[in-house]
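Close look at the chain arrangement
Listed here are the chains, written in short residue letters.
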Amino acid sequence: MMFPNNNKAIIQKLSKRSLMVNRIRNLFAVLAIMLTTVLLTAGFTAGISLAKSAKNYLDMGKGVDSHGSFVVTLDQYEVLKGSEDINQSGLLRDCSTTYIQSEQVVGNKVYLKYADEDMFQMNFVIPVEGDYPKNANEILMPTFVLDLFDLPYEVGRQITLKASVIENGEEVIKVFDFILCGYFDPVVPPSSNYAEIFTGEDFITQYNPHLPDNSNEAYVKLNSLTSMSTEDEGWAEMGKIADSLGIMGVGLDPDFQNPSTMIISLTDVLALAIPAIMAVILIMLSGYLLIYNIFYISVVHDIRYYGLLKTIGTTPKQVKKMINQQALMLSFIGIPIGLALGYIIGVVFTPHLMTQTVLDKYVIISANPLIFIFSILFSYLTVYISCKKPGKVAGQISPIEAVCYTGVEDYNKKLKNTRRGGRLHRMALTNIFRNRGKAISVIASISLSAIIFIFAFNGSVGLDPVKDAEERMQADFEIMHYNVVWWQQEEYQPISKDTYNQLEELPFVTEINKYYLARSNNDEDLMDDGNYVLMNNFRGEVKNQGLLRDEFESYREAGMPDWQGSFIAPSGNIKTRVTGISADIIEEEVAYDKVLDGVVDGKQFASGDYLIFCRDANKENGITYGNGVIKAGDKMTLSFYLPDSDTYVKKEFTVMAVVENLDHWRGQTDIITISDTVFEEIYANHDELISQIMVKVDSDLQKANDQIQSIINKSGNFQIYFTSKCEVIRENERMKSGIMMIGLTISLIVGIIGFLNMTNTMMTSIISRKRELAMLESMGMTKKQLKKMLIYEGMYYTIIAVLFIIPLGFLSSISTSLIPFFGGFNTGGFLLSIFIVVVLIAVISIAIPIIVFSIINKATIIERLREVE
């Protein structure tokens, strides 16, 4: 009969005493645990901080950090501020009736505003230097606008602006002198062509007192809404407040979820989560290899000790428990130190990491408790997994096996019994695969680090700001009317034919194309209350009849929301986009589309008897409506409405092709696309219907930009939207610098991990064989031969690793094409990264055996042969 006993106390005592004996092992183990924790903590700190900073940046990019907005009077705003439903509110007031009218900002929408303190905070406006405006003669400007005026960033200097005010019931443009009280970096890039400048509220009182009192914007955060609230909930809560105060104008933040955007959000979350999970797995794997090697060396070194414990009745479970307790005690030291150092590194490192990115001015350092919880969890999990196999080895060893145990397997018999097996390079190759697990560990460690380095290196070097600009822009310079994309209630001012002619005459212009879009004077938008409001936009009118009527009617029958407001004019006509494009470039334009039916032929299109129908109009919130009535080959008779003469022009077309737009950056085909010559025949005022001008040049982009910008400025047309490829490239180059810094930093960290793992693994291999090496030396091998054999082993590790690294590194380099604005596979970058990796691995593989052998060889042969290990 066996009596139960409790050896828990003695096991703990043995664990502590064993721990005290292995001080060098403890030091290395604590360092390994600490390093793993440092990497995890720094990674979580940087990752969560980066996510918060990116959200901060995106919140600024969308406009204002709020749940929505109201159009209010000042009295309504005071009531609104005191409401128990409001968590935070900010007031934004127009100081002029329209955007700034100074010549320097033509091509950009720059608005003069007043904002209260809360509004500045919600709008993320933080002065780089100076302070917020306090009176009518002070102004706070974004650096981008100062650049337009070609002014230095100098607080206290005078700035003259032209702004529109109301005098005697009419809008007049007046000149105002301001003192620059501060400047800030806007999150919206210069290529957006939008900016807000701020002055004191008394500007309105002094210079523009007749501004309507009901045009102020109040941005609010509600107590009843969260980031997880749905769009319907948002409208409902905002509507309650609007109804209670009698407010008409209500806006909702675009971030509120609806069924279609929730799917997109889930995709975005997964896109961010997968790389993060992979990064954690990588650090854990690296930490595992590091900690495992340390404990494995310790177990092999103390294997006789564990064997003797077995002879006095210690069970395998108790031996494993001893090793796990030692690991736990070491973790109590290494993990807290790693948490502290990792967080400090993350706090210091993250801002520097973002210095060259667009997030530079919007860094938020997180102190989220999850950083420490996850770091502790994953660090200890790494330690626990790392100790399982060493514990298993120690627990299963018998006392007899412990005496003979060396930690390596027998020679391969086939190689051992050959004459050539005694040659140094053959012995080295045999030694590598005596313990296949250890060989795989070394090769995996080397290859993993190298492949990640190659990916990060090529992902950084391969970024191509020029290619991204080319993918975003159809030409070197794009001059577009504001109404092509946005509504506006002010009077339409066309891009003049004279502007086009001046651009065409520039000596460096190699190609210039103009595009037409029809407009209707009756271009009104149906509001929720059933009334129509004038909203200027490029939409023409076509009689609601024939195939066109059937096509659009199918959208209504399929349940498209707001069908009436989207497609039906007050006259009953179909309001739609009618564009005119030169037949010379129509095939190039359609290259940006997906041809659903038919074939596009430029020569046939030039005859004027054909049209191209774009079916993008039947999409709403990611859902496609209708059954595609119009097909290639159909005959269509269209009656185009001419607003100036209140008449119609009828013409018959054959549908050449039905397309769907795939590239929202490029490609100008629209719902109805006809030849520009036919467009000019139909619309007598076609010179006033130029929607866009695309310019390609053969000279320096910056010089061309300056001359083209000068022509646009002199045109005095503030409804022009000007985009320059050189500006987009400049923004991309800044982004590339930041991404390269991040990529190369990751490469450096991964390289350090790989170096430590490789060093540790190779040291394990040599130290565990020191008695064997002493035996070989006692049998006649010289120190030079032993050292040479170990060098061969290192070289074989390098060769075998490179055989894996090259193909897998190539695949990882190819996969970098998933990175935005990646310029494609860069052969030079790939070869350079392979060269760096191979040289570093070769140096380490040769240097480590030499160093370690020199250390263990200091003892005499007799002393080494007498060692248990």
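To keep things clear, this report deals only with the structure shown in the data block. (Residues numbered from 1 in each chain as written. Predicted model: local features only at pLDDT ≥ 70, side-chain atom pairs only at ≥ 80, totals over all residues. Heavy atoms only, no water.)

1. So, the overall build of the protein chain
Along its length, the protein chain carries 28 helices and 26 strands. Expressed as a percentage of the 869 residues in the protein chain, the buried residues total 49%. Excluding contacts between residues fewer than 6 apart, the proportion of contacts in the protein chain whose partners are at least 24 apart in sequence is 81%. As displayed, the protein chain offers around 41400 Å² of accessible surface, 59% of which is attributable to carbon and sulfur atoms. (Helix = DSSP H or I, 4+ residues; strand = E, 2+ residues; numbered from the N terminus. Buried < 20%, exposed > 50% of the residue type's maximum accessible area, 1.4 Å probe, protein only. Contact = heavy atoms within 4.5 Å. Areas by Shrake-Rupley, 256 points an atom, 1.4 Å probe, with all protein chains shown as cover.)

2. Comments concerning a nonpolar patch on the surface
Together, Leu328, Phe332, Ile333, Ile337, Leu341, Ile345, Tyr380, Leu381, Tyr384 and Ile385 give the surface a local cluster of nonpolar side chains, amounting to about 850 Å² of exposed area. With six residues, the top contributor of residues to the nonpolar patch is helix α10 (residues 316-353). If you trace the backbone, isoleucine 345 turns up in helix α10. A relative accessible area of 41% means that isoleucine 345 is categorised as partly exposed. (Patch = residues over 30% accessible without salt bridge, like charges linked within 9 Å, V, L, I, M, F, W, Y side chains within 5 Å. Salt bridge = Lys/Arg side-chain N within 4 Å of Asp/Glu carboxyl O.)

3. Remarks on the packing of aromatic side chains
Taken as a whole and assessed by the stated rule, the structure comprises 25 aromatic pairs. Residues tyrosine 516 and phenylalanine 679 carry aromatic rings whose centres are separated by 5.0 Å and whose planes lie at 5° to one another, so their mutual orientation is stacked. Here phenylalanine 679 lies in helix α22 (residues 676-682) and tyrosine 516 lies in strand β12 (residues 509-517), a separation of 163 residues in the sequence. Looking at tyrosine 516, the relative accessible area reads 1%, which means it is buried. Cluster of aromatic residues (ring-pair linked, three or more members): Tyr516, Phe640, Phe653, Phe679 and Tyr683. The ring of tyrosine 482 carries lysine 109 above its face, with NZ or CZ at 4.1 Å from the centroid. (Phe/Tyr/Trp six-rings, centres within 6.5 Å; stacked < 30°, edge-to-face > 60°. Lys NZ or Arg CZ within 6 Å of the ring centre and 35° of its normal.)

4. Observations regarding a positive patch on the surface
Judged by side-chain charge, Lys320, Lys388, Lys389 and Lys392 come together as a positively charged surface patch. Among the elements that take part in the positive patch, helix α11 (residues 369-396) stands out by supplying three residues, more than any other. Mapping lysine 392 onto the fold places it in helix α11. (Lys, Arg positive; Asp, Glu negative; His and termini not counted. Charge placed at Lys NZ, Arg CZ, Asp CG, Glu CD.)

5. Section: the pairing of strand β24 (residues 672-675)
Pairing geometry for strand β17 (residues 578-581) and β24, over four bridges, is parallel. Across the sheet, residue threonine 579 finds its bridge partner in β24, namely threonine 673. Here two bridges tie strand β19 (residues 610-614) to β24, and the two strands are oriented antiparallel to one another. Opposite isoleucine 612, over in β24, you have threonine 673 as the bridge partner. (Pairing = 2+ DSSP bridges.)

6. Some points on helix α7 (residues 231-245)
An ideal rise of 1.5 Å per residue puts 21 Å on 15 residues; α7 measures up with 21 Å between its terminal C-alpha atoms. Regarding α7, the residues found buried are Gly234, Met238, Gly239, Ile241 and Ala242. Along the long axis of α7, the arc covered by the buried residues comes to 165°, so they all point the same way. For α7, the exposed residues lying more than 90 degrees away from the buried face are Asp232, Lys240, Asp243 and Ser244. Considering only its buried residues, α7 is in contact with β1 (68-72), α3 (74-81), β2 (86-94), β9 (216-222) and β10 (249-252). Backbone geometry just after α7 places glycine 246 at a positive phi near 70°. (Expected span 1.5 Å × (residues − 1). Arc of directions from axis to C-beta.)

7. Things to note about the packing of helix α25 (residues 770-778) against helix α26 (residues 783-815)
Direction vectors running N to C along α25 and α26 enclose 135°, while the axes themselves pass 9 Å from each other. Here α25 is positioned oblique relative to α26, judged by the angle of their axes. The way α25 lies across α26 gives a crossing that is right-handed. Residues Leu773, Leu776 and Glu777 of α25 form the contact with α26, whose participating residues are Lys783, Leu786, Met789 and Leu790. Residue composition of the contact of α25 with α26, by class: five nonpolar, no polar and two charged. (Axes fitted to C-alpha atoms, helices over the stretch in contact; angles between N-to-C directions. Parallel < 35°, antiparallel > 145°, perpendicular 65-115°, else oblique. Left-handed = near helix turned anticlockwise from the far one by under 90°. Nonpolar A, V, L, I, M, F, W, Y, C, P; charged D, E, K, R; others polar.)

8. Let's talk about the pattern of salt bridges
Overall, the coordinates contain 15 salt bridges when judged by the stated rule. Measuring nitrogen to oxygen at the nearest pair gives 2.8 Å for the salt bridge that ties lysine 134 to aspartate 131. Note that arginine 615 is salt-bridged to glutamate 551, the shortest N-O span being 3.3 Å. Here arginine 615 is found in the loop between β19 and β20 (619-620), whereas its partner glutamate 551 is found in helix α18 (residues 546-557), with 64 residues between them in sequence. The class of arginine 615 is buried, set by a relative accessible area of 12%. Through salt bridges with shared partners, one network takes in Glu511, Glu588 and Lys696.

9. Examining the side chain of lysine 514
Assignment of secondary structure puts lysine 514 in strand β12. No salt bridge is formed by the buried lysine 514. Its closest oppositely charged neighbour is glutamate 680, at 4.7 Å.

10. Details of unusual backbone geometry
A positive phi angle, close to 55°, is found at asparagine 168, a residue other than glycine. Inspection of the secondary structure puts asparagine 168 in the loop between β6 (158-167) and β7 (170-184). The exposure class of asparagine 168 is exposed, given its relative accessible area of 79%.

11. Side note on the nonpolar core
The tendency in soluble globular proteins is for nonpolar side chains to be buried as a group. Within the largest apolar cluster, 97 residues are counted, with the highest numbers of intra-cluster contacts made by Ile479, Leu548 and Ile708. Considering every element that reaches this core, the biggest residue donor is β6, with five residues. Leave out the neighbours within four places in its chain, and isoleucine 479 touches Ile495, Leu503, Ser691, Gln692, Ile693, Val695, Ile708, Ile712, Ile720, Tyr721 and Phe722. Membership of the second largest hydrophobic core comes to 34 residues, among which are Ala439, Met781, Ile834 and Phe853. (Core = buried A, V, L, I, M, F, W, Y, C linked by side-chain atoms within 4.5 Å.)

12. Things to note about the environment of glycine 667
Topologically, glycine 667 is positioned in the loop between β23 (647-661) and β24. Through-space distance from the C-alpha of glycine 667 to that of methionine 473 is 9.4 Å; in sequence the pair is 194 residues apart. Apart from residues no more than four positions distant in its own chain, glycine 667 is found in contact with Gln474, Glu589, Tyr592 and Asn661.

13. Observations regarding the environment of phenylalanine 804
Among the structural elements, phenylalanine 804 can be located in helix α26. When its relative accessible area of 44% is taken as the criterion, phenylalanine 804 is described as partly exposed. Note: C-alpha distance between phenylalanine 804 and isoleucine 451 (353 residues apart in sequence) is 9.2 Å. Sequence-distant contacts of phenylalanine 804, defined by excluding residues within four places in its chain, comprise Ile443 and Ser447.

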